[in-house]
Amino acid sequence: MALTLQDLMEAANAVVPRIDGARAQALVADGALLLDVRDAPELQKAGHALGAHHIPRGMLDFRADPASPFHDPELNPERPVVIHCASGGRAALAGKLLKDMGYREVYNMGGLEAWKAAAGPMVEPVDPGM
């Protein structure tokens with residue numbers, strides 16, 4: 001039987017705890033990686049959390065595997081990771097992927113608004129001008 005999006009989301013939410021922006025900020029202050037999995041145009045339009053590391057969800061598999069030639073050294077299975085996207089769906093799926101790849105401590109902050117709601121510092125988008 002084929003999996004549905006609902007099946008995938010339920011599986012992800014079962015293994016990746018959802019946290020609020022204040023808890024995310026505390027984890028980041030303790031050394032966790034804040035990972036933004038939105039696409040580049042979303043960052044350009046909405047800005048990003050100060051200090052967030054950006055890897056689009058579609059590239060996460062390649063960046064997370066230490067054996068990959070595309071590995072990102074910011075990703076370490078022993079380092080806690082707090083993931084966010086625009087609303088939390090992609091962050092949940094990305095978190096499940098990291099858990100499946102052996103990352104021990106992974107959290108879903110949901111969307112960027114959770115960071116903002118907790119007064120997290122932001123890098124605002126650049127005004128494209130006229």
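This text gives an overview of the structure that appears in the document. (Residues numbered from 1 in each chain as written. Predicted model: local features only at pLDDT ≥ 70, side-chain atom pairs only at ≥ 80, totals over all residues. Heavy atoms only, no water.)

**Things to note about the overall build of the protein chain**
When its secondary structure is counted, the protein chain shows six helices and six strands. Tracing the protein chain from N to C terminus, the helices and strands come up as α-α-β-α-β-β-α-β-α-β-α-β. Since a compact globule built from 130 residues should have a radius of gyration of about 14 Å, the 14 Å found for the protein chain is in line with a globular shape. Summarising its shape, the C-alpha atoms of the protein chain cover approximately 50 × 30 × 30 Å along the three principal directions. (Helix = DSSP H or I, 4+ residues; strand = E, 2+ residues; numbered from the N terminus. Rg over C-alpha atoms; globule rule 2.2 N^0.38 Å.)

**Some thoughts on the packing of aromatic side chains**
In total, this model carries one aromatic pair according to the counting rule given. Their ring planes at 85° and their centres at 6.3 Å tell us that Phe62 and Phe70 sit as a pair that is edge-to-face. (Phe/Tyr/Trp six-rings, centres within 6.5 Å; stacked < 30°, edge-to-face > 60°.)

**As for unusual backbone geometry**
Residues other than glycine seldom take positive phi values, yet Ala119 does so here, at roughly 60°. As for its position among the elements, Ala119 is in the loop between helix H6 (112-117) and strand S6 (122-123). On the accessibility criterion, Ala119 (65% relative accessible area) is exposed. (Buried < 20%, exposed > 50% of the residue type's maximum accessible area, 1.4 Å probe, protein only.)

**Some remarks on the sheet that holds strand S3 (residues 53-54)**
Strand order in the open sheet formed by four strands is S3-S1-S4-S5, with parallel pairing between adjacent strands. Single-partner strands in this sheet number two, and they are S3 and strand S5 (106-111). Running at roughly 135° to S5, helix H2 (residues 21-29) makes contact with strand S1 (33-36), strand S4 (81-85) and S5 of the sheet. Against the sheet, helix H5 (residues 89-100) contacts S1, S4 and S5, and its axis sits at roughly 145° relative to S4. (Pairing = 2+ DSSP bridges. Contact = heavy atoms within 4.5 Å. Axes fitted to C-alpha atoms, helices over the stretch in contact; angles between N-to-C directions.)

**So, the pairing of S4**
Burial within S4 is extensive, with five of its five residues counted as buried. Alternating residues of S4 divide into Val81, Ile83 and Cys85 and Val82 and His84, and every residue in both groups is buried. Bridge analysis of S1 against S4 gives four bridges, and the strand direction is parallel. Paired with Leu35 across the strands is Ile83, a residue of S4. Handedness of the S4-H5-S5 crossover: right-handed. (Right-handed = clockwise from strand over helix to strand, strands pointing away.)

**Comments concerning the side chain of Ser68**
Among the secondary structure elements, Ser68 is positioned in the loop between helix H4 (60-64) and S4. The exposure class of Ser68 is buried, given its relative accessible area of 15%. Among the polar contacts listed, one links the side chain of Ser68 to the backbone oxygen of Phe62, at a separation of 3.0 Å. Within the structure, the side chain of Ser68 is placed 3.0 Å from the backbone nitrogen of Phe70, a separation counted as a polar contact. (Polar contact = N/O pair within 3.5 Å; in protein donor to acceptor, adjacent residues only side chain to side chain.)

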